[in-house]
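# Survey of secondary and tertiary structure
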Amino acid sequence: MPHSAWTSLGDLRSLSLKAWNSGALLREVLEPAGLYPRRRSLKRPTAAQLLSDYGAVRAWASELAAGVGAYSLETVEAGGRTVGSNRIPSAAVFAAVQDEIAFLGKAREAARFSSLADGLNGVDPLLTGWALRRPLKLLELANDALLAGRVALWLRDNPSPGIYVRQLGLPGVHTKFIEQHRQVIEQMLASLVSCAETGDTAEPAAAADVFEPDTAMENGSCRTPAARFAKRHGFLHPPELVRFRLLDPDPGVFGGARDITVTAGAFSALTLQVDTVIATENQVNFLALPDQPGALALYGGGYGFSSLRDASWLKDCRVQYWGDIDTHGFRILDQLRAVHPHVESILMDEETLLAHKDSWGTEPAPSQAELTRLTRSEAALYEHLVNGTHGTGVRLEQELVRWDWALGRLQAIATIATEVCDDNNSPS
């Protein structure tokens, strides 16, 4: 049996596969860098191993010889003083990159890559630079990469179109296509602009991965990835909408309507007789919150409370946030406090978590972010979630909190607030 320390045919294939997965082989196809003939040294038997297990050495050499054709074998003399002169493989030499690609069985993919790269070159020769940097992405996207290239070229030539993305009149390009391939389009556009201005084919660092934070509190009209894309390139974008419910049974405004949707701008300019705002991510919770004089429920999904940034009138309200008990729930809370430091968390405590063990789920991608705006008890629970104190990725989604438990907590909080208010208004 061949020794595990010797380079096997499988080991040789793994080395070549690593070069494929890094994109190096496809880059060499598109723009040869003089790497071939490419010599890969082999870990081989010692003279002592040749003497002690000649059969294994012979089997090892035969296995490598079976691959000859895709590569040639260099050999060295070994064992002359012990078992007689023998020549054993010392290196595999690939004469051309196409030979190494064929060795991996990737010839069809390489041909497809070359065809796609030619197509990008036809859109604009400067896009070849993007293909060199991201050859595997080009293979993955296939013809979508050509469409993305046409969009990037259009954006370069129309820097401030003043239309909605929906109105972009390129064949095969629609709003969903832009949403799905926004980052690639940004990368291609950066390459087109940079190369045209400097002649340098290296992609600008800022374009390599367009920054699209998941923060809930982006400024102005740039609160979502789609909105940021629109603003960067001079497109129009629909205004952000805010949905809220007036929990006061006698609201006296909006013609008696209580479930209302307005633009974020209109929400920031509201003048309401409201002293409490309850923000929740779950729609059923939003709809089921009980009547409460002077209160308003605000609905937002995940990192979807950006409308609070410009609503300065909230500083005069008691603002409560009810989110999932998981790392991202506390991250949203932390971000809300970046704008409104007085935000309180409700039903996001260890007692609630432990009382609902039968409803625990698993958070798919827990946050590891350092959060600096949590209270001591919130920070302790967040640390427990991050460290897996109660189990790996434990989460309690807000909709799984028993309604009697939630209602009792909410009523207790409202009662305390009322008593405090009465005390403050009582004669001294």
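For the structure, check the block above.
These notes cover the structure that comes with them. (Residues numbered from 1 in each chain as written. Predicted model: local features only at pLDDT ≥ 70, side-chain atom pairs only at ≥ 80, totals over all residues. Heavy atoms only, no water.)

### Some thoughts on the overall build of the protein
Under the convention used in this document: What counts as a helix is a DSSP run of H or I of at least four residues, what counts as a strand is a run of E of at least two, and both are numbered from the N terminus. Burial classes: relative accessible area under 20% of the type maximum marks a residue as buried, over 50% as exposed, and values in between as partly exposed (1.4 Å probe, protein chains only). Contacts are assigned to residue pairs that have any heavy atoms within 4.5 Å of one another.
For the protein, the helix and strand inventory stands at 19 helices and 11 strands. When burial is assessed residue by residue, the protein has 42% of its 428 residues classed as buried. Considering only intrachain contacts with a sequence separation of at least 6, the fraction spanning at least 24 residues in the protein is 69%.

### Points about unusual backbone geometry
In this model, Tyr36 is joined to Pro37 through a cis peptide bond whose omega is 5°. Along the polypeptide, Pro37 turns up in the loop between α2 (24-30) and β1 (38-41). In the Ramachandran plot, Ala142 falls in the positive-phi region, its phi being about 55° despite a non-glycine side chain. Topologically, Ala142 is positioned in the loop between α8 (135-141) and α9 (143-157). Although it is not a glycine, Leu347 adopts a positive phi angle of roughly 55°. Its place among the elements puts Leu347 in the loop between β9 (344-345) and α17 (350-354).

### Topic: the packing of helix α6 (residues 107-123) against α9
Each packed pair of helices is defined by two parameters, the angle between the axes and the distance between the axes. Going by this rule: A fitted line through C-alpha atoms represents every axis, and for helices the fit uses only the stretch in contact; the resulting angles, taken between N-to-C directions, go from 0 to 180 degrees. In this scheme, roughly parallel covers angles under 35 degrees and roughly antiparallel covers those over 145, while 65 to 115 is roughly perpendicular and the rest are oblique. Each helix crossing is assigned a hand: it is left-handed if the near helix lies turned anticlockwise from the far helix by less than a right angle, otherwise right-handed if that turn is clockwise. Only Asp, Glu, Lys and Arg are considered charged in this grouping, and only Ala, Val, Leu, Ile, Met, Phe, Trp, Tyr, Cys and Pro are considered nonpolar; every other residue, Gly among them, is considered polar.
Viewed as axis vectors pointing N to C, α6 and α9 meet at an angle of 15°, and their least axial separation amounts to 9 Å. Between α6 and α9, the crossing angle belongs to the class labelled roughly parallel. Crossing geometry of α6 relative to α9 is assigned as right-handed. Contact residues: α6 offers Arg112, Leu116, Gly119, Leu120 and Val123, while α9 offers Asn143, Ala145, Leu146, Gly149, Arg150 and Leu153. Counted by class, the contact of α6 with α9 contains six nonpolar, three polar and two charged residues.

### Here's the deal with the pattern of salt bridges
Stated formally: Here, a salt bridge means any side-chain nitrogen of Lys or Arg that lies within 4 Å of a carboxyl oxygen of Asp or Glu.
Taken as a whole and judged by the stated rule, the model has 17 salt bridges. Here Glu77 makes a salt bridge to Arg87, at a shortest N to O gap of 4.0 Å. One end of the pair, Glu77, is in strand β2 (residues 72-78); the other, Arg87, is in strand β3 (residues 86-94), with 10 residues separating them in the sequence. For the residue pair Glu77 and Arg87, the accessibility class agrees, reading exposed in each case.

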